[in-house]
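In case you want the letters, here they are:
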Amino acid sequence: MTARAARGGIGVVTEPDLDGSVLDLRTYNPLVKVLGPLPAMVVAIGSRDLLTPALFAALALALLLGGGRLAARTLGGLLLGITALVAVMTVSFGVWTDPSRVEHTPALLRLGPLTLWSGALETGLATGLRVASVVLLALVSGLTTHGADLVRSMIAQLRVPYRVGYAGLAALRFVPRFAQELDTIRSAHRVRGRSGGRGPFAGIRRYSGYAIPLLAGGIRHADRVSLSMESRGFGAYPRRTERRHIPFRLRDGVLLALLLAGAPLIPLLVSHLTGGTP
């Protein structure tokens, strides 16, 4: 894959080559990856069995593993985070579930007045799988989509006014700017010896001291960005040309159709496998 460097405010942001392999999710239209998984998310949230959200999660994970081209560190963090999320939710809901609803199921553990029922753990596992499936489906677009490309595709395919789209993009690019500004303010406070001490109240006082200079820096940066955009004629015409065109091709239509078809097909598959009794 080749990538072109773009000026993204702080640091260098790479934009994926849209003419790359069909097996690379980063080469697909961003709208397909954002809108395609939405029906599957709705079905996963509304499911009450274990298999349906597990299959949606496995599908999303397969897409990310096969076409996400994720770095090893990102992939490891994703797998570890999702596993920990499901485990924590299983145990938590297993403890919090009303015992009167699950006391007909086998008791797995008794610790004094606390009894851990298998039905409670199953309820927690189902909830954890639903949340994990929604998170993974959202990450299909989140980890394979460039923010600027999403804005360009919204302007090109959804006819969003470019003034709105690029204003949102400018706001997103404020985030790394704020992070750099906050790091500078922290360094300045340390140089002046304003540690503020330890403990939660000292932390609150310390972060309160960051707020005013951070706000002032944000206003100065917004003013500079606004003047720069106006000096370049932004908003002077009803349309504007794009340096980078985001097409909607046959491969995008095929992926969208497959993602939309997965929402009803997986519940049907689960119903077939379980004989209609999830």
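Read on for an overview of the structure. (Residues numbered from 1 in each chain as written. Predicted model: local features only at pLDDT ≥ 70, side-chain atom pairs only at ≥ 80, totals over all residues. Heavy atoms only, no water.)

1. What to know about the packing of aromatic side chains
Put simply, the rule reads: Each Phe, Tyr or Trp ring (for Trp, its six-membered ring) is paired with any other whose centre lies within 6.5 Å, and the angle between the two planes then decides the class: stacked below 30 degrees, edge-to-face above 60, tilted in between. Lysine and arginine charges are scored as sitting over a ring when NZ or CZ, respectively, is within 6 Å of the ring centre and within 35 degrees of the ring normal.
Tallied over the full model, the rule gives five aromatic pairs. Among the aromatic side chains, those forming a connected cluster through ring pairs are Y162, Y166 and F234. When the ring centre of Y166 is taken as origin, the NZ or CZ atom of R240, which lies over that ring, is 4.7 Å away. Above the plane of the ring of Y28 lies R251, whose end atom (NZ or CZ) is 5.5 Å from the centre.

2. Topic: the pattern of salt bridges
Operational definition: For salt bridges, the criterion is a side-chain nitrogen of Lys or Arg within 4 Å of an Asp or Glu carboxyl oxygen. Under the scheme applied here, a residue whose accessible area is under 20% of the maximum for its type counts as buried, over 50% as exposed, and between as partly exposed, the area being computed with a 1.4 Å probe on protein chains only. Only DSSP runs of H or I with at least four residues qualify as helices, and only runs of E with at least two residues qualify as strands; both kinds are numbered from the N terminus onward.
What the rule picks out here adds up to four salt bridges. R26 is paired through a salt bridge with D24; the nearest N and O atoms lie 3.0 Å apart. Owing to a relative accessible area of 3%, D24 belongs among the buried residues under this scheme. D149 is the salt-bridge partner of R244, the closest N and O atoms lying 2.8 Å from each other. Of the two residues, R244 is situated in the loop between helix 10 (200-231) and helix 11 (250-274) and D149 in helix 7 (residues 147-157); the sequence distance between them amounts to 95 residues. Per residue, the accessibility class of R244 equals that of D149, and both read buried. One salt-bridge network, held together by shared partners, links D149, R152 and R244.

3. A word on the packing of helix 3 (residues 51-67) against helix 6 (residues 118-142)
To keep it simple, the criterion reads: Think of each axis as a best-fit line through the C-alpha atoms, taken over the contacting stretch in the case of a helix, with angles from 0 to 180 degrees between the N-to-C directions. Any angle that falls under 35 degrees is termed roughly parallel, while one over 145 is termed roughly antiparallel, one within 65 to 115 roughly perpendicular, and all others oblique. The handedness criterion is simple: a crossing whose near helix is rotated anticlockwise from the far helix by less than a right angle is left-handed, and one whose near helix is rotated clockwise is right-handed. Contact definition: two residues touch when any of their heavy atoms are within 4.5 Å. Under the scheme applied, nonpolar residues are Ala, Val, Leu, Ile, Met, Phe, Trp, Tyr, Cys and Pro; charged residues are Asp, Glu, Lys and Arg; polar residues are all the others, including Gly.
In contact at an axis separation of 8 Å, helix 3 and helix 6 are set at 30 degrees when each is read in the N-to-C sense. When the interaxial angle is binned, helix 3 and helix 6 end up roughly parallel. Pair helix 3 / helix 6 crosses with left-handed handedness. Within the contact between the two elements, helix 3 uses P53, A54, F56, A57, A60, L61, L63 and L64 and helix 6 uses L129, R130, S133, L136, L137, L139 and V140. Taken together, the residues of the contact of helix 3 with helix 6 break down into 13 nonpolar, one polar and one charged.

4. Here we look at the packing of helix 2 (residues 38-46) against helix 11
Between helix 2 and helix 11, the least distance of the axes is 7 Å, while the angle of their chain directions is 25 degrees. Classified by the angle their axes make, helix 2 and helix 11 are roughly parallel. On helix 11, the residues touching P39, A40 and V43 of helix 2 are L260, A263 and P267. Among the residues forming the contact of helix 2 with helix 11, the class breakdown is six nonpolar, no polar and no charged.

5. Brief notes about the pairing of strand 3 (residues 107-111)
Inclusion rule: At least two DSSP bridges between two strands are needed for those strands to be called paired.
Taking burial as the measure, the five residues of strand 3 include zero buried ones, a minor fraction of the element. Here strand 3 pairs with strand 4 (residues 114-117) via four bridges, running antiparallel. Each residue of the ladder has a partner; that of A107, found in strand 4, is W117. In sequence, strand 3 turns back onto strand 4 through a hairpin of two residues, with G112 there showing a positive phi of about 60 degrees.

6. Quick look at empty space enclosed by the protein
Definition in use: Here a cavity denotes a set of grid points, spaced 1 Å apart and computed over the protein atoms alone, in which a 1.4 Å probe fits but from which it cannot get out, and a pocket denotes an open set meeting protein on both sides within 12 Å along at least five of seven lines; residues with an atom within 4 Å of a point are reported as lining. Grid points are joined across faces, edges and corners, and a volume is the space filled by probe spheres set on the points.
Scanning all chains against the criterion turns up one cavity of 30 Å³ or more. The space that makes up the largest cavity amounts to roughly 70 Å³. For the lining of the largest cavity, the secondary structure elements donating two or more residues are helix 3, helix 6 and helix 11. Split into classes, the residues belonging to the lining of the largest cavity amount to ten nonpolar, two polar and no charged.

7. Quick word on helix 10
Put simply, the rule reads: One fewer than the residue count of a helix, multiplied by 1.5 Å, yields its expected span.
The first and last C-alpha atoms of helix 10 sit 46 Å apart over 32 residues, in line with the 46 Å expected at 1.5 Å per residue. Against the buried residues of helix 10 lie helix 9 (174-191). Looking at the residues trailing helix 10, positive phi occurs at G233, about 80 degrees.

8. Points about a nonpolar patch on the surface
To keep it simple, the criterion reads: For patch building, the residue pool is restricted to those with more than 30% relative accessible area and no salt bridge; the joining distance is 9 Å between like charges and 5 Å between nonpolar side chains (Val, Leu, Ile, Met, Phe, Trp, Tyr). Surface accessibility in these figures is a Shrake-Rupley result with a 1.4 Å probe; residues are shielded only by whichever protein chains are displayed.
A grouping of V91, V95, W96, L108, L109, L111 and L114 is seen on the molecular surface, where their side chains present a nonpolar patch of about 720 Å² in accessible area. Contributions of two or more residues to the nonpolar patch are made by helix 4 (72-96) and strand 3. On the secondary structure map, V95 appears in helix 4.

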